[in-house]
Amino acid sequence: MLALIGGSGLSSLDGFEPHKQKKINTVFGETSAALSIGKFAKKQIVFLPRHGNPHVIPPHKINYRANIWALKDLGVKKIISVTAVGGITALSSPGTIVIPHQIIDYTYGRENTFFDGAVNPLEHVDFTQPYNSDLRDRLIAAAQKENIKIIDGGVYAATQGPRLETSAEILRLENDGADLVGMTGMPEAALAKEAGLAYAKISIVANWAAGKNDSGEKITVSNINSVIQGSIVKVKLIISSYLNEESDG
Ligand code: HPA
């Protein structure tokens, strides 16, 4: 079964017909919200709003371990994660949809592993390719089928938040090779890898990252939300087209 983890702008999912809400308390604590199980594009999926419902949990306080553990416990095998990001490099203008292929993690102080020697013994997972290439390819094919322009590949920089970055921080991320910046991509992706789940991300560029907007306009949550609303319909279409092609969701 497929799980969709929704971020800012996707804390609910139109067209999704939930038939069960499952509150799961894991060994790592509680998930961001009850897991919603139901039909989307005629397939059974699980939907989880990462920031809770209503949207109140800041990026550094999300219980990423509980979220991934609960999804695995429920029998999920694949996760599509949707996130809003700031665009750093020229192609990543607001409104663009990107399916990133790499990650650089700048977060700190988050519970970031299942293998800490407490619940599970220490293990070092291979994270060379943080996203599942088959799932990425299928999402890219679904976008092409629907004639939706997306960018195939990009380096996602995960920052701590909840504040946005300084312009010097964004230059540093750019020098490091990052194309996009967001606050929730890690440790979610690493935990999915540790749990053996296929995980891919669809990022919506909501704003130019700090210092990248020539007009010098301030980054506001209301601007971010209105850009996301303009692109979310396309993201939903990519996901429903992907599900139509899959026999097992
Ligand atoms: N920086 C970090 N996270 C974000 C941004 C940003 O500019 N926009 C949306 N999420």
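Computed from a predicted model, the values in this text were never measured in an experiment.

Caption draft 1: Seen up close, the overall build of the protein. Summing up its helical and strand segments, the protein has 5 helices and 13 strands in all. In terms of overall size, the protein behaves like a compact globule, its C-alpha atoms giving a radius of gyration of 17 Å where 249 residues would be expected to give roughly 18 Å. Its C-alpha atoms put the protein at 45 × 45 × 35 Å along the principal axes. Here the protein holds 249 residues, and 53% of them are scored as buried. Expressed as a percentage of contacts within the protein between residues at least 6 apart in sequence, the contacts between residues at least 24 apart total 80%. Approximately 11,300 Å² of the protein is accessible, and the part contributed by carbon and sulfur atoms is 50%.

Caption draft 2: Representation of the packing of aromatic side chains in the model. On inspection of all chains with the given rule, the structure shows 5 aromatic pairs. Measuring from centroid to centroid gives 6.0 Å for Phe 16 and Phe 47, while their planes differ by 55°, and the two rings are tilted. Placement of Phe 16 in the loop between strand S1 (2-6) and strand S2 (17-22) and of Phe 47 in strand S6 (residues 43-49) is noted, with a sequence separation of 31 residues between them. Accessibility classification places Phe 16 together with Phe 47 in one group, the buried group. Members of the aromatic cluster, joined through ring pairs, are Phe 28, Trp 69 and Phe 114. Directly above the ring of Tyr 156 sits Lys 201, whose terminal nitrogen or CZ lies 5.2 Å from the centroid.

Caption draft 3: Spotlight on unusual backbone geometry. Gly 161 connects to Pro 162 through a cis peptide bond whose omega is -5°. Here Pro 162 is to be found in the loop between strand S11 (155-158) and helix H3 (167-176). Of note, the amide linkage connecting Met 186 to Pro 187 takes the cis form, showing an omega dihedral of 10°. Structurally, the position occupied by Pro 187 is in the loop between strand S12 (180-182) and helix H4 (188-194).

Caption draft 4: Summary view of the site of the ligand. Taken together, the neighbourhood of the ligand is formed by Ala 84, Val 85, Gly 86, Leu 164, Glu 165, Val 181, Gly 182, Met 183 and Asn 207. One of the backbone N or O atoms of Gly 86 is found 3.4 Å from a nitrogen atom in the ligand. In this structure, Asn 207 approaches the ligand through a side-chain N or O atom, which is 2.6 Å from a nitrogen atom. In isolation the ligand exposes 260 Å². Once the protein is present, 93% of that is buried. If you list the elements that add at least two residues to the shell around the ligand, you get strand S7 (78-87) and S12. Take the shell around the ligand: its biggest share by element is 3 residues, from S7. Of the residues that constitute the shell around the ligand, the class distribution is 5 nonpolar, 3 polar and 1 charged.

Caption draft 5: Layout of helix H2 (residues 133-145). With 13 residues, H2 extends 18 Å from end C-alpha to end C-alpha; this agrees with the ideal 18 Å at 1.5 Å per step. When H2 is considered as a whole, its buried residues turn out to be Leu 135, Arg 136, Leu 139, Ile 140, Ala 142 and Ala 143. For H2, the angular spread of the buried residues around the axis is 160°, confining them to a single face. Seen from the open side of H2, the exposed residues pointing more than 90 degrees away from its buried face are Gln 144 and Lys 145. Residues of H2 that are buried sit in contact with S7, strand S8 (97-99), strand S10 (151-152), strand S13 (198-208) and helix H5 (221-245). With a side-chain oxygen lying 3.2 Å from the backbone nitrogen of Asp 134, the N-terminal cap of H2 falls on Asn 132. A positive backbone phi angle near 55° is found at Asn 147, which sits one or two residues after H2.

Caption draft 6: Fine view of the nonpolar core. Counting residues in hydrophobic clusters, the biggest one holds 37 residues, and the most contacted among them are Leu 35, Val 46, Ile 68, Leu 71, Ile 79 and Phe 114. Looking at this core, the elements that each hand over two or more residues are S1, strand S5 (35-40), S6, helix H1 (64-73), S7, S11, H4 and S13. Beyond its immediate chain neighbours, meaning those up to four positions away, Leu 71 contacts Ala 3, Ile 5, Leu 35, Val 46, Leu 48, Val 76 and Ile 79. By size, the runner-up hydrophobic cluster in this structure holds 33 residues, among which are Ala 41, Leu 135, Ala 206 and Leu 243.

Caption draft 7: Structural detail: the pairing of S13. Most of S13 sits out of view: 10 of its 11 residues are buried. Where S7 meets S13, 10 bridges bridge the pair, whose relative direction is parallel. Residue pairing across strands places Lys 78 opposite Ala 198, the latter belonging to S13. Sheet topology places S8 next to S13; 2 bridges connect them, and they run antiparallel. The partner of Val 98 across the bridge, within S13, is Ser 203.

Cut-offs applied
Residues numbered from 1 in each chain as written. Predicted model: local features only at pLDDT ≥ 70, side-chain atom pairs only at ≥ 80, totals over all residues. Heavy atoms only, no water. Helix = DSSP H or I, 4+ residues; strand = E, 2+ residues; numbered from the N terminus. Rg over C-alpha atoms; globule rule 2.2 N^0.38 Å. Buried < 20%, exposed > 50% of the residue type's maximum accessible area, 1.4 Å probe, protein only. Contact = heavy atoms within 4.5 Å. Areas by Shrake-Rupley, 256 points an atom, 1.4 Å probe, with all protein chains shown as cover. Phe/Tyr/Trp six-rings, centres within 6.5 Å; stacked < 30°, edge-to-face > 60°. Lys NZ or Arg CZ within 6 Å of the ring centre and 35° of its normal. Near = heavy atom within 4 Å. Polar contact = N/O pair within 3.5 Å; in protein donor to acceptor, adjacent residues only side chain to side chain. Nonpolar A, V, L, I, M, F, W, Y, C, P; charged D, E, K, R; others polar. Expected span 1.5 Å × (residues − 1). Arc of directions from axis to C-beta. Core = buried A, V, L, I, M, F, W, Y, C linked by side-chain atoms within 4.5 Å. Pairing = 2+ DSSP bridges.

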